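Here is what each chain is made of, one letter per residue.
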Protein chains: 2
Amino acid sequence: MSRRHLHLNVNILHAGFFASAWRLPESRPGAFTEIAHYVKTAQIAERGKLDAVFLADTPSLAERPDLRSFLSLEPTIVLASIAAATEHIGLIATASTTYNEPYNVARRFATLDHASGGRAGWNVVTTADAQASANFGLEAVPDHATRYARAQEFTEIVRLLWDSWDDDALVGDKAAARLIDPARLHAIDYHGRHLSVAGPLNLPRSPQGRPVLVQAGGSDDGRDLAARFAEVVFSVGQTPEESRAYADDLRRRAARYGRGPDTLVVLPGLATVIGSTEAEAKRRREELTDLIPVAYGLSRLGATLGVDLTQYDLDAPLPEIAIPANGSTTFAQAILAHARRDGLTLRQLILSLGGGTGHRIVVGTPEQIADDIEHWFRAGAADGFNLMPDVLPTGLETFVDTVVPILQQRGLFRRAYDGVTLRDHLGLDRPASHFAADAPQRLSA
Amino acid sequence: MSRRHLHLNVNILHAGFFASAWRLPESRPGAFTEIAHYVKTAQIAERGKLDAVFLADTPSLAERPDLRSFLSLEPTIVLASIAAATEHIGLIATASTTYNEPYNVARRFATLDHASGGRAGWNVVTTADAQASANFGLEAVPDHATRYARAQEFTEIVRLLWDSWDDDALVGDKAAARLIDPARLHAIDYHGRHLSVAGPLNLPRSPQGRPVLVQAGGSDDGRDLAARFAEVVFSVGQTPEESRAYADDLRRRAARYGRGPDTLVVLPGLATVIGSTEAEAKRRREELTDLIPVAYGLSRLGATLGVDLTQYDLDAPLPEIAIPANGSTTFAQAILAHARRDGLTLRQLILSLGGGTGHRIVVGTPEQIADDIEHWFRAGAADGFNLMPDVLPTGLETFVDTVVPILQQRGLFRRAYDGVTLRDHLGLDRPASHFAADAPQRLSA
């Protein structure tokens, strides 16, 4: 491995990874509306020297909101609040390229980068969700190819806007009444098939040059988007072999865009259930599993697979299911592979997923969790993980207090932040501007 | 007056009201990119017991950025940062109905209301700016009537989304695995000429029920939008008579929508230059005026009037100018009335505006400023003011330390916050939901 250290983000999924997390005695059902819940979780992550907090997002009401604790506060506002209450932790938020305009996204994330002293990252998603399309005046979800074609243009525009002020454009010459040097501003004049943007952006280049680009690409289009733009990839994988193959494929694709292997940090999702003994951990998992209403799990899994599952026998082996062309390929593929490999019934599958979306769950003592993480890291299956503690903030607190020290003792994880920005934490260089004289040729539309 | 107290907001205009503010020795030219600048200004405002901070916005680069210190950080991110560092002060941000989607705006402001414990307000603007349209893929600025027709639909949708969860929809019944009661959620199913949105919003009703709606309407369409929706109106007026006439007109229009006079708080803009003697204040104003490049003032005034002014003699009386139908009527009308009334040349007009946009400037001792404010308040010309200190944060600090105590001694302004939310500060009721059984008939699309 060329990376000396693991990278660990925490995915602040409402009350925790398990759909039942909000039902535990320790949880407040309305915590997802309380900014203090997010801030406290981020402060624990910072105490554990994690790289970043990560917020998922869909601009619609979750399926079966009656049964589920879900995240719905707008992520960039949440991260701005966290920025004000922390010093080091990175701040990654999801925003959809289908339901936003690139000028607004470029501006909001650049502002977050300025406000946080260089800690912002943008997770690029295309949003395969029918309710979202109805919230934005569309008759139906745009098809997969159209969503990704727009996402390619959108992401390139955002990068160009982030570069549209040279680093030294803000002159501030009081005597000459010259605040900015117009020769160091660049209109981007982008005219694509889906989007046209004149630019320049209306604020100076941000501390990181550009906020970190994050993506989670499972489909061919998605992997290509990640290979071209992503600096951090949030992946899904149940085995080291499939995760290694995925990471290798991404880096091969990235090489075609002239990118070296170290410009890409691959972080599979990892849900954790920790106990002081293995038996205690298993009991906690069972308790959480028992509290998941099967009706909820059916609805959520059906939404992920794009299939109405109520037609199937819960206790028969999972039938052959064809993934709809327009769905969320990443999770559907991972879930079906997992069900086939372990020969699960529909009910077993729902329970084994924790009501979640297909990410791997590890259950055990701090030593066992650390062993698993080390094994994947050394096998080249992961540069680290996007952690999803079972329950928040308690599951993260346990991780930080018990697993992190073991990883530190083994020399796998930092004992202190040795940089300032999210790029510093991730070992990513501050990028030169596309408009700099010696920059690589600008990618054309 | 039915209102017992003045209401005072501060408009955080980059380095201050004067276009030259950044050139003073006390100013840092890059302060507009520093979150600490905004937070410090807001904390001073809170120390002065002001109602709210207000952030203007245009999603494009300002005209002549080389000469001007301008605000460009995205306002909702800035306000989220301020929320984390303050306890009482209201938080009002501008967002354009022409260059956003209503679902995103509803969500971001509702999130800010949750994150701040009920202190958010949205200033609704339609954005008459050619550069902005080019940043969002449009060939030209949509015409005035189209912008306002979209704004009417947009604002109604946002209000309905804010009401789409009943106040008690979040049940949180752990035993019954019932987080939310779906019967207390409301799809809005809005289908207008410009916008269609299904809803419901994906988060609970916010502490204020709905964030406060703010508007600044000068044209007939703008006044109608304000009369229908606005709870705070940011107006422009150089004399008590014209301001009183404007406020009376707005309240007459509001009455047609069934609204009482106290549901509308009218706050003219007021720029302040304060000195410990009148001579000192005048010297400070002269210093600031002398530092405004005439080229900048010409460019900015030309943009406001929608006319290329370089064709005119700087030292001749201002010629007759027709306001283009598609421009920003409010400021153009105010500026031309001011120039005619005082018989100003073009150069005198530019300097008399402080390089600003047409708001009234008062220059004097703290007593004189307080007298002016009291006179306008008692004359029914204003319910308070949207303050624009000459230089930030120093001009606000002086206002808070010298003018506020006089207003308090006279019983015109609060000595302490006696409520929690921005609605409390403004004396506005928490609105019942449109979907409540006993709510007034929902306005139809």
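Quantities reported herein were computed from a predicted structural model and do not represent experimental measurements.

Caption draft 1: Structural detail: the pattern of salt bridges. Residues and elements named next belong to chain A. One pass over the full model with this rule turns up 62 salt bridges over all chains. A salt bridge links D163 to R205; its shortest N-O distance comes to 2.9 Å. Remark: R205 occurs in the loop between β8 (196-197) and β9 (212-215) and D163 occurs in the loop between α5 (144-162) and β5 (170-173); sequence separation between them is 42 residues.

Caption draft 2: Here's a closer look at the interface of chain A and chain B. Contacts between the two partners involve 68 residues from chain A and, on the opposite side, 68 residues from chain B. The contact between chain A and chain B buries some 5400 Å² in all, and 65% of this surface belongs to carbon and sulfur atoms. Counting the surface chain A buries against chain B, the share from its top three residues, I77, K174 and L179 of chain A, is 13%. Where chain A touches chain B, the interface holds two salt bridges. Here chain A is connected to chain B by 34 residue pairs in polar contact (both at pLDDT 80 or more). Of all the secondary-structure elements, those providing two or more residues to the side of chain A that touches chain B are α2 (75-85), α3 (102-115), α4 (130-135), β5, β6 (178-180) and β8 of chain A. With eight residues, the top contributor of residues to the side of chain A that touches chain B is α3 of chain A. By residue class, the composition of the side of chain A that touches chain B is 38 nonpolar, 19 polar and 11 charged.

Caption draft 3: How the structure looks around the side chain of S81 of chain A. Residue position: S81 of chain A is located in helix α2. For S81 of chain A, a relative accessible area of 6% gives the class buried. Polar side-chain contacts of S81 of chain A include one of 3.0 Å to the backbone oxygen of I77 of chain A. In this structure, S81 of chain A is in contact with I35 and V39 of chain A together with A80, A84 and A115 of chain B, ignoring residues within four places of it in sequence.

Caption draft 4: Just the pairing of strand β4 (residues 120-125) of chain B, in detail. Residues and elements named next belong to chain B. Along β4, five of the six residues are buried, which leaves the element largely enclosed by surrounding structure. Relative to β4, strand β3 (residues 90-96) runs parallel, the two sharing six bridges. In the sheet register, T94 faces β4, and the bridge partner there is N123. As defined by bridge partners, β4 adjoins strand β9 (residues 212-215) across four bridges and the pair is classed as parallel. Among the inter-strand pairings, W122 is bridged to a residue of β9, identified as L213.

Caption draft 5: Quick peek at the relation of the copies chain A and chain B. Here chain A sits on chain B after a turn of 180° about the axis and a move of 0.0 Å along it, with an RMSD of 0.0 Å. Here the two chains are linked by the operation of a two-fold rotation axis. Comparing interface residues between copies, 100% of those in chain A also lie at the interface in chain B; the contact surface is shared.

Caption draft 6: Expanded view of the packing of helix α6 (residues 220-229) of chain A against helix α7 (residues 240-256) of chain A. All names here are of chain A. Remark: α6 packs on α7, axes separated minimally by 8 Å, with the N-to-C direction vectors making an angle of 60°. Classed by the angle they form, the pair α6 and α7 counts as oblique. In the packing of α6 onto α7, the handedness of the crossing is right-handed. Facing D220, R223, D224, A226 and A227 of α6, the residues of α7 in contact are Y246, D249, L250, R253 and A254.

Caption draft 7: Structural context of the environment of R205 of chain B. Residues and elements named next belong to chain B. For R205, a relative accessible area of 8% corresponds to the buried category. The spatial distance from the C-alpha of R205 to the C-alpha of L6 is 29 Å, given a sequence separation of 199 residues. With sequence-adjacent residues up to four places away left out, R205 is seen in contact with H114, W162, D163, W165, D167, R210, R430, P431, A432 and S433. Separated by 3.0 Å, the side chains of R205 and D167 make a polar contact.

Caption draft 8: Structural context of the UniProt feature "binding site: FMN" (unreviewed entry) in chain A. Per the UniProt annotation, the sites labelled "binding site: FMN" (unreviewed entry) are D57, T94, H144, Y148 and S219 of chain A. Here the side chain of D57 of chain A touches R107 of chain B through a polar contact of 2.7 Å, side chain to side chain. With respect to the secondary-structure elements, Y148 of chain A resides in helix α5. Setting aside residues no more than four positions away along its own chain, Y148 of chain A makes contact with T126, Q215, S219, D221, G222 and L225 of chain A.

What counts, and where the lines are drawn
- In this convention, every chain numbers its residues from 1, walking through the sequence in written order.
- Chain letters start at A and ligand numbers start at 1, both assigned in the order the entries are written.
- Two thresholds apply to this predicted model, a pLDDT of at least 70 for residue-level local features and 80 or more for giving and counting side-chain atom pairs, whereas whole-chain, interface and lining totals are computed over all residues.
- To get the side-chain values, all heavy atoms of the structure are used, and hydrogens and water are removed first.
- We count a salt bridge whenever a side-chain nitrogen from Lys or Arg sits within 4 Å of a carboxyl oxygen from Asp or Glu.
- Here a strand is any run of E in DSSP of at least two residues, a helix any run of H or I of at least four, and the numbering for each starts at the N terminus.
- Contacts are residue-level and defined by heavy atoms, with any inter-residue pair within 4.5 Å sufficient.
- Two parts placed together each lose some accessible area; with a 1.4 Å probe, that loss summed over both constitutes the buried area.
- Here a polar contact is recorded for every N or O atom pair within 3.5 Å, except that within protein the pair must consist of a potential hydrogen donor and a potential acceptor, and residues adjacent in sequence are included only if both atoms are side-chain atoms.
- Each residue receives one of three labels: charged for Asp, Glu, Lys and Arg, nonpolar for Ala, Val, Leu, Ile, Met, Phe, Trp, Tyr, Cys and Pro, and polar for the others, Gly being one of them.
- For every residue, the accessible area (1.4 Å probe, protein chains only) is compared with the maximum for its type, and the residue is labelled buried under 20%, exposed over 50%, or partly exposed between those bounds.
- Any two strands between which DSSP finds at least two bridges are classified as paired.
- Residues reaching a pLDDT of at least 70 in both copies supply the C-alpha atoms on which the copies are superposed by least squares.
- What counts as an axis is a line fitted to C-alpha atoms, over the stretch in contact for a helix, and the angles between N-to-C directions run from 0 to 180 degrees.
- Note on angle classes: values under 35 degrees are labelled roughly parallel, values over 145 roughly antiparallel, values of 65 to 115 roughly perpendicular, and the remainder oblique.
- Here a crossing is called left-handed whenever its near helix is offset anticlockwise from the far helix by less than a right angle, and right-handed whenever the offset is clockwise.
- UniProt positions are given in the numbering used here, feature names are shortened, and annotations may be inferred rather than shown by experiment.

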